[in-house]
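What follows is the residue order along each chain.
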Amino acid sequence: MQRCKRQQYMRHRKGRVMRWIVNSKEMKECDSNTIGHFGVPSLVLMERAALCVAEQVLRAVPRLRTALIVCGNGNNGADGLAAARMLHLKGCQVTVVQKPESGKCSAENQLQRDILERYGIHIIGQIPQHTAYDCVVDALFGIGLSREPKGIYAQWLGQMNELCAYKVAVDMPSGVSSDNGAAYDPCFAADLTVTFAYQKAGQILYPGCEKCGTVAVADIGITKESWLDTKPSCFAPEPADLKLLPQRPGRSNKGTFGRVLAVAGSENMAGAALFCARAAYHTGCGLVKIYTCAANRTILQTALPEAILATFQDAREDTAQLSALQGPMECDVQPSALQGPMECDAHLSADTAAAEDAAQALADAVKWADAIVLGPGIGQSMQARRMVSQVLQEATVPVVLDADALNLIAGQPDLLEQAAAELVVTPHPGEMARLCQKPVAEILDTVRETAEAFAKRYHLTCVLKDAVTVTAGPSGTCLNTSGCSAMAKGGSGDVLAGMIASLAAQGMQPEAAARMGVYLHGLAGEDAARRKGARSVSATDLIEAIGNVMGG
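Below is a short write-up of the structure. (Residues numbered from 1 in each chain as written. Predicted model: local features only at pLDDT ≥ 70, side-chain atom pairs only at ≥ 80, totals over all residues. Heavy atoms only, no water.)

1. Description of the overall build of the chain
When its secondary structure is counted, the chain shows 21 helices and 19 strands. Taking all 552 residues of the chain together, the buried fraction comes to 53%. Counting contacts in the chain only where the partners sit at least 6 residues apart, residues at least 24 apart contribute 74% of the total. Accessible surface computed for the chain: about 24,500 Å², of which carbon and sulfur atoms make up 52%. (Helix = DSSP H or I, 4+ residues; strand = E, 2+ residues; numbered from the N terminus. Buried < 20%, exposed > 50% of the residue type's maximum accessible area, 1.4 Å probe, protein only. Contact = heavy atoms within 4.5 Å. Areas by Shrake-Rupley, 256 points an atom, 1.4 Å probe, with all protein chains shown as cover.)

Next up, the structure:
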């Protein structure tokens, strides 16, 4: 009944405000559809692209006198040739370099070459030595290269990078993959990348994003209509998406905003439970219950009195408690004398009873919750294994799997297939490596592909945490653009897990809650870094910043 009342208050908004991010294939299809289906001439798009490049160059280098424009033989090179003409007409002395004619120029490229010649601009076949320029423009490959540059192109890229000049890439720095951000050797290191219509995935993902500098997205006439019957598979959040956060109606109570269960914290790991629960409260849920070992009770009740506690005693605590109940005579008996059949039976009986009580308490907590966080700081004991298995078997509300839960599941991945609940997993690269049984280096090189494959394999939402966190799920892939290095501290992941569960408890679909939680988490990191400095941000600071970035 309470859950139904809560849902009446929720104004769940469908749709997506997030901006679209494309790969090379999608961008080429949009370009082709604009030309073939809508009849916009290719040269019109090219002129607009070149004009945008020229405008951005002049804005970045207001007193531009000399520019080196290095062009390939395809349409990206044609954009560069056209931009060279426009800079020439603005009074800039341009030097245009292109590989000597090989018969492989595109028709548009040859046309732009002819136009330049008529303006008296001669194209040369080598980059001049010992010549200074105010600006270097890379128009070699754009989004079309997916391998390491070779031969004369590799030589040119090395020379271009060595020049002391402002560096601009046309659409994509040559040698950087527009699909996954792979940065080949050599590749162009741009100060500014002028890209067309949509931002490319490789301009967001590492290490490619570091080669792009500032990215300016230019409107050249390719619009959402150019997608025809398809849609992009990738997107990125932006500030306008904050309006999708759950609303807080005036006529409400604590039950209106959902109940989060945090199965978190073992002995000496109370902080994981605390960070997770506090983050859930700060993100807006109405109630948080922490299921944790009894050793954490005093710490958590003192640090977070708002939370409800459900505790269990682990095996060591059971033994200690039995010892404390023994009288003076029993205490004088040597430990070896306590190993008889009756004493063993007593211990086994006590352990069994404690395990049954713990399982029942967990079952009750799972039924109580609207969303569950499972894993932060629970360790990898047999007790932890039982908890993970029980929650995945019994839960019917969204479950966010983090930290130790993921490490335990890595040894028994079929648990993911048995779960009835909607799952969100939040691994960092090391945990993902264990889940996929691959080297960490391979995970770091394929963060998007890995997250997408795992989400598809187990029918869940995968939040693969990295400098650019990738959230993959049924609706597509989200590349997060918020956050900073200040967040690279212990406890940051516990905070994120609590935030995602809180949004899910308030009524957001788990996949949407994951995307929004990651975005807010990054914004909170940025806010905390501004106030505390990049080196001094802690998990507590992240939590305190959540309210600042969520707004009213």
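2. Regarding the environment of Ala529
Along the polypeptide, Ala529 turns up in helix H20 (residues 510-532). In the structure, Ala529 is positioned 12 residues away from Asp541 in sequence and 8.9 Å away in space, judged by C-alpha atoms. Those residues in contact with Ala529, other than ones at most four positions away along the chain, are Cys484, Ala486, Ala534 and Val537.

3. A look at helix H21 (residues 539-550)
Each α-helix winds once per 3.6 residues, and so residues spaced three or four apart point in a common direction. A rise of 1.5 Å per residue sets the reference length of H21, with its 12 residues, at 16 Å; its end C-alpha atoms lie 17 Å apart and thus fit the reference within 8%. If you check which residues of H21 are buried, you get Ala539, Asp541, Leu542, Ile543, Ala545, Ile546, Val549 and Met550. Tucked inside the fold, the buried residues of H21 contact helix H8 (270-282), helix H19 (492-505) and H20. Of the residues one or two after H21, Gly551 is the one with positive phi, at around 75 degrees. (Expected span 1.5 Å × (residues − 1).)

4. Regarding the sheet that holds strand S10 (residues 234-236)
Pairing between the strands of a sheet is mediated by backbone hydrogen bonds and can be parallel or antiparallel. An order of S8-S1-S10-S19-S18-S17-S16-S15-S14-S11-S12-S13 is seen for the 12 strands of this open sheet, with the pairing classed as mixed. The open sheet has two free edges, formed respectively by strand S8 (199-200) and strand S13 (308-312), since each of these has just one partner strand. In this sheet, strand S18 (residues 470-473) lies alongside strand S17 (residues 461-464) in antiparallel orientation, the contact comprising three bridges. Within the sheet, the bridge partner assigned to Val463 lies in S18 and is Thr471. (Pairing = 2+ DSSP bridges.)

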